[in-house]
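Listed here are the chains, written in short residue letters.
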Amino acid sequence: LHDEITKVEVTTKDLEQSLKQVHKDRDTVIKEIEDNRENESGILKGFVEKYGEGRLNLTDMSWIPNENKQ
């Protein structure tokens with residue numbers, strides 16, 4: 001019975017360490033997503049400054065200017 005309790009305690013510690021690593025990995029991924037969003041925002045701002053208001057066509061990565069409504 002003592003051996004079984006020891007095994008359970010070791011397994012519990014291993015699971016706690018694994019959970020800590022999963023949380024750390026999650027935080028890293030979230031930070032990378034935030035960084036990518038900032039980069040994307042900067043790229044789009046650059047397109048607007050260079051080509052005027054519009055949107056990026058994600059199919060062929062071309063810039064589509066907004067139609068001027070008169």
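First things first, this report covers the structure right here in the doc. Source: prediction; values computed, not measured.

What about the overall build of the protein?
The secondary structure content of the protein amounts to one helix and two strands. Here the C-alpha radius of gyration of the protein, 25 Å, is well above what a compact globule of 70 residues would show, namely 11 Å. The C-alpha extent of the protein, read off along each of the three principal axes, is 85 × 20 × 20 Å. When the 70 residues of the protein are sorted by exposure, 1% land in the buried category. Of the roughly 6800 Å² of accessible surface on the protein, a fraction of 54% belongs to carbon and sulfur atoms. Each charge class in the protein was averaged separately, 11 positive and 16 negative side chains, and the resulting centres sit 4 Å apart.

Structural notes on the packing of aromatic side chains
Two aromatic rings are characterised by how far apart their centres lie and by the angle between their planes. Counted by the stated rule, this structure contains two aromatic pairs. Aromatic side chains Phe-47 and Tyr-51 sit 6.1 Å apart centroid to centroid with 35 degrees between the ring planes, which places their arrangement in the tilted category. Remark: Tyr-51 and Phe-47 occur in helix 1 (residues 2–51); sequence separation between them is four residues, near one turn of the helix. By relative accessible area, Phe-47 is classed as partly exposed at 25%. Taken together, a centroid distance of 5.2 Å and an interplanar angle of 40 degrees make the contact between Phe-47 and Trp-63 tilted. Here Phe-47 is found in helix 1, whereas its partner Trp-63 is found in strand 2 (residues 62–65), with 16 residues between them in sequence. With relative accessibility at 16%, the residue Trp-63 sits in the buried group. One aromatic cluster is present, built from ring pairs that chain together Phe-47, Tyr-51 and Trp-63.

Definitions and cut-offs
- Residues numbered from 1 in each chain as written.
- Predicted model: local features only at pLDDT ≥ 70, side-chain atom pairs only at ≥ 80, totals over all residues.
- Heavy atoms only, no water.
- Helix = DSSP H or I, 4+ residues; strand = E, 2+ residues; numbered from the N terminus.
- Rg over C-alpha atoms; globule rule 2.2 N^0.38 Å.
- Buried < 20%, exposed > 50% of the residue type's maximum accessible area, 1.4 Å probe, protein only.
- Areas by Shrake-Rupley, 256 points an atom, 1.4 Å probe, with all protein chains shown as cover.
- Lys, Arg positive; Asp, Glu negative; His and termini not counted.
- Charge placed at Lys NZ, Arg CZ, Asp CG, Glu CD.
- Phe/Tyr/Trp six-rings, centres within 6.5 Å; stacked < 30°, edge-to-face > 60°.

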